[in-house]
Amino acid sequence: GAVPRQPPDFLLKQDRKSGGLSMYYDVQKSAERIRDLRADSNLTQSEAAEKTGFSLSGYRKLEQGQNGGSIDSLIMVADYYNISIDYLVYGRTGIT
């Protein structure tokens, strides 16, 4: 069978409770990428929310990094902007 790959170091952080490593993504950086995509598309937040299927308040929270995007939310954004979820989550633009 396939051997599971170790996640890249930048996706790991020290868990405060257990002292072990856990995976995460930087919600603020993801929010910044989403804001940049919208700005590059010359859309208002309201227009982007409508086109991606979010309520305006939900879209604003995503752009402000108040909530980490669920996989469903990230798929909706990635699909609209025709980009990968890898890019939204950790900025990767190519497969390594």
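Caption draft 1: Up close: the overall build of the chain. Of the regular secondary structure elements, the chain holds 5 helices and 2 strands. Residue burial in the chain is summarised as follows: out of 96 residues, 28% are buried. Element-wise, carbon and sulfur atoms account for 49% of the exposed surface of the chain, whose accessible area totals about 6,600 Å².

Caption draft 2: Region of the structure containing unusual backbone geometry. The backbone of asparagine 42 shows a phi angle near 55°, a positive value even though the residue is not glycine. Relative to the helices and strands, asparagine 42 resides in the loop between α1 (27–40) and α2 (45–52). One non-glycine residue with positive phi stands out, namely asparagine 82, at about 55°. Relative to the helices and strands, asparagine 82 resides in the loop between α4 (71–81) and α5 (85–90). Look at asparagine 82 and you get exposed, because its relative accessible area is 71%.

Caption draft 3: A look at α1. An ideal rise of 1.5 Å per residue puts 20 Å on 14 residues; α1 measures up with 20 Å between its terminal C-alpha atoms. Taken together, the buried positions of α1 are occupied by Ser30, Ala31, Arg33, Ile34, Leu37 and Arg38. The buried side chains of α1 occupy one side of the element, clustering within an arc of 160° when seen end-on. One side-chain oxygen at the N-terminal end of α1 lies 3.0 Å from the backbone nitrogen of glutamine 28; it belongs to aspartate 26. Looking one or two residues beyond α1, the residue adopting positive phi is asparagine 42, at roughly 55°.

Caption draft 4: Just the pattern of salt bridges, in detail. Counted under the stated rule, the structure contains 2 salt bridges. For glutamate 63, the salt bridge is made with arginine 38, and the minimal N-O distance between the two is 2.4 Å. One end of the pair, glutamate 63, is in helix α3 (residues 56–64); the other, arginine 38, is in helix α1, with 25 residues separating them in the sequence. This pair shows no difference in class: glutamate 63 is buried, exactly as arginine 38 is. The closest approach of N and O atoms between aspartate 86 and arginine 92, which form a salt bridge, is 3.5 Å. Arginine 92 sits in the partly exposed class, given a relative accessible area of 23%.

Definitions and limits used
Residues numbered from 1 in each chain as written. Predicted model: local features only at pLDDT ≥ 70, side-chain atom pairs only at ≥ 80, totals over all residues. Heavy atoms only, no water. Helix = DSSP H or I, 4+ residues; strand = E, 2+ residues; numbered from the N terminus. Buried < 20%, exposed > 50% of the residue type's maximum accessible area, 1.4 Å probe, protein only. Areas by Shrake-Rupley, 256 points an atom, 1.4 Å probe, with all protein chains shown as cover. Expected span 1.5 Å × (residues − 1). Arc of directions from axis to C-beta. Polar contact = N/O pair within 3.5 Å; in protein donor to acceptor, adjacent residues only side chain to side chain. Salt bridge = Lys/Arg side-chain N within 4 Å of Asp/Glu carboxyl O.

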